[in-house]
Amino acid sequence: MKERGKGTGRSVDERYTQWKSLVPVLYDWLANHNLVWPSLSCRWGPQLEQATYKNRQRLYLSEQTDGSVPNTLVIANVEVVKPRVAAAEHISQFNEEARSPFVKKYKTIIHPGEVNRIRELPQNSKIVATHTDSPDVLIWDVEAQPNRHAVLGASTSHPDLILTGHKDNAEFALAMSPTEPFVLSGGKDRYVVLWSIQDHISTLAADPGAAKSPGSAGANNKQSSKAAGGNDKPMDSPSIEPRGVYLGHGDTVEDVTFCPSSAQEFCSVGDDSCLILWDARTGASPAIKVEKAHHADLHCVDWNPHDVNLILTGSADTTVRMFDRRNLTSGGVGSPVHTFEGHNAAVLCVQWSPDKSSVFGSSAEDGILNIWDHEKIGKKPETVGPKVPNSPPGLFFRHAGHRDKVVDFHWNTSDPWTIVSVSDDGESTGGGGTLQIWRMIDLIYRPEEEVLSELDKFKSHILSCTS
């Protein structure tokens, strides 16, 4: 799954040049940050401070190094410019090979192994879980962890908690429940594993100042004698065993997600082309198994936070599918409500918008991040803006600012139309990859009547410009 191919189609340079020329027209704000090392995951953390023109917010990233320095989990502080503040000329004048002044590294944790996936705990966003090339899930209290200097030979940081239970490496599939501090993981062992970190995390969440140092947890927690990532040095991190282990997949589990309204219900997708829904209350067998959800491996899944009947899946077959859990299969084969065809390479990440129930994003190996609105399917084409030839139904925005595969992205819940995305395009940008934080101009997604009445106020000015 890591060796994912490059995008095809017309020259990447041509596409990028065209995209860059449209930045002042299409974007309300854009920050481009050239990374020293690739990051396979990017996640928003808590908002720290609100000011007149911008807000300060945490961002979680990683550094996947070549071994000359250790792999790290990075906590950054980001200045998020508020809507309608940035000047169009300013946002288009970024240097592709420079670091952004809006992104500042705040803390580094030396991670045992590469960070493949980061997930934050909704009940306490200072707590994050990470996946590496190991069977364990690592839990970190990013505020309590000491800031480390990543130099060759430095010892790894100690996780605050280790979740054990996988029999083989669990590299990508990782989720946190919105309703309770439950963690879900999937791995090469074909298992989906569920933990409750209630006891450990509730202590940290209730009194962050009194956070236990690794190893000082209560007697209920077994001490882990092996470092995660297969390192034999002893680690004083407490570990916990799973609540449940679920076997239903025939191949590697690539992604998992919780039902937004219940920590007992969740779903998983894998390299066996299956989508499986689980209910922990009814035992360890699948509640519903969709045998052929796609025509190839499934890489990603997300459950709609506003409408618990809708589930998105993304696949190596280049499509995104939307399923209604009330009618998942027909004759044992997946029966999606709609198949979205707007990528020309494997889809790596799908995520619903936190703001609008019908909107979601998808990113792929073709270097494109598409924004869709399934409510637009079957409706008359919008009259605002130029008509896009052969535009797939439901697609209303293409972010083409990355030159290679977009490995992860995350909508910002504090600022719902702001997205962070990372791509593994170090070869073309002279760095380790590209991080972009961006927000499309609100004229694109606001109701048509609202936009037209606003533009009407500037009609004479617009006409004088065009003439």
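Predicted model only: the values in this text are computed from it and were never measured.

Student: Any chance you could explain the pattern of salt bridges here in plain terms?
Tutor: Counted by the stated rule, this structure contains 20 salt bridges. The partner of E63 in a salt bridge is K105, and the shortest N-O contact between them spans 3.1 Å. Of this pair, E63 sits in strand β3 (residues 54-63) while K105 sits in strand β5 (residues 103-110); the two residues are 42 residues apart in sequence, bridging distant segments of the chain. The residue E454 makes a salt bridge to R446 at a minimum N-O spacing of 2.9 Å.

Student: How should I be thinking about the UniProt feature "repeat: WD" (unreviewed entry) in the chain in this particular structure?
Tutor: Cross-referencing UniProt, the feature "repeat: WD" (unreviewed entry) maps to residues 246-288, 291-324 and 340-373 in the present numbering. Helix makes up 0% of residues 291-324 and strand 50%, with an end-to-end C-alpha separation of 15 Å.

Student: Just checking my understanding: could you explain the pairing of strand β31 (residues 418-423) for this structure?
Tutor: Along any regular strand the residues' side chains alternate between the sheet's two faces. Taken across its 6 residues, β31 has 6 buried, putting it largely inside the fold. Going residue by residue along β31, you find T418, V420 and V422 tucked away on one face and I419, S421 and S423 tucked away on the opposite face as well. Of the pairings in the sheet, the one linking strand β30 (residues 406-411) to β31 comprises 5 bridges and is antiparallel in character. Counterpart to W411 in the pairing with β31 is I419. The loop that links β30 with its antiparallel partner β31 comprises 6 residues. Examined bridge by bridge, β31 and strand β32 (residues 433-440) share 6 bridges and lie antiparallel to one another.

Student: How do you make sense of the environment of S68 when you look at a structure like this?
Tutor: Of note, S68 is situated in the loop between β3 and β4 (72-81). It is 6.2 Å that separates the C-alpha atoms of S68 and L152, two residues lying 84 residues apart in sequence. Aside from chain neighbours lying at most four places away, what touches S68 is W37 and L152. Only 2.6 Å separates the side chain of S68 from the side chain of D66, close enough to count as a polar contact.

Student: I keep staring at unusual backbone geometry and nothing clicks. Help me out?
Tutor: It is generally the case that most residues other than glycine have a negative phi and that most peptide bonds are trans. Unlike most non-glycine residues, R84 shows phi in positive territory, near 60°. Structurally, R84 can be placed in the loop between β4 and α2 (88-92).

Student: When you look at the environment of S268 in this model, what are you seeing that I'm missing?
Tutor: Counting through the fold element by element, S268 comes out in strand β17 (residues 262-270). If we skip the residues at most four places from it in the chain, S268 touches V192, H249, V253, D255, V256, C274, L275, I276 and W278. A polar contact is formed between the side chain of S268 and the side chain of W278, at a distance of 2.8 Å.

Student: How should the sheet that holds β30 be read in this particular structure?
Tutor: For sheets, the rule is that strands pair by backbone hydrogen bonds, running either parallel or antiparallel. Read from one edge of the open sheet, 4 strands run β1-β32-β31-β30, paired in antiparallel fashion. Each edge of the open sheet carries a strand with a single partner, namely β1 (27-35) and β30. Each adjacent strand pair in this sheet contributes to an overall mean axis angle of 15°, direction not counted. Across the sheet, helix α1 (residues 12-26) touches β1 and β32, and the angle it forms with β1 is around 140°.

What counts, and at which threshold
Residues numbered from 1 in each chain as written. Predicted model: local features only at pLDDT ≥ 70, side-chain atom pairs only at ≥ 80, totals over all residues. Heavy atoms only, no water. Salt bridge = Lys/Arg side-chain N within 4 Å of Asp/Glu carboxyl O. Helix = DSSP H or I, 4+ residues; strand = E, 2+ residues; numbered from the N terminus. UniProt positions renumbered as here; feature names shortened; annotations may be inferred. Buried < 20%, exposed > 50% of the residue type's maximum accessible area, 1.4 Å probe, protein only. Pairing = 2+ DSSP bridges. Contact = heavy atoms within 4.5 Å. Polar contact = N/O pair within 3.5 Å; in protein donor to acceptor, adjacent residues only side chain to side chain. Axes fitted to C-alpha atoms, helices over the stretch in contact; angles between N-to-C directions.

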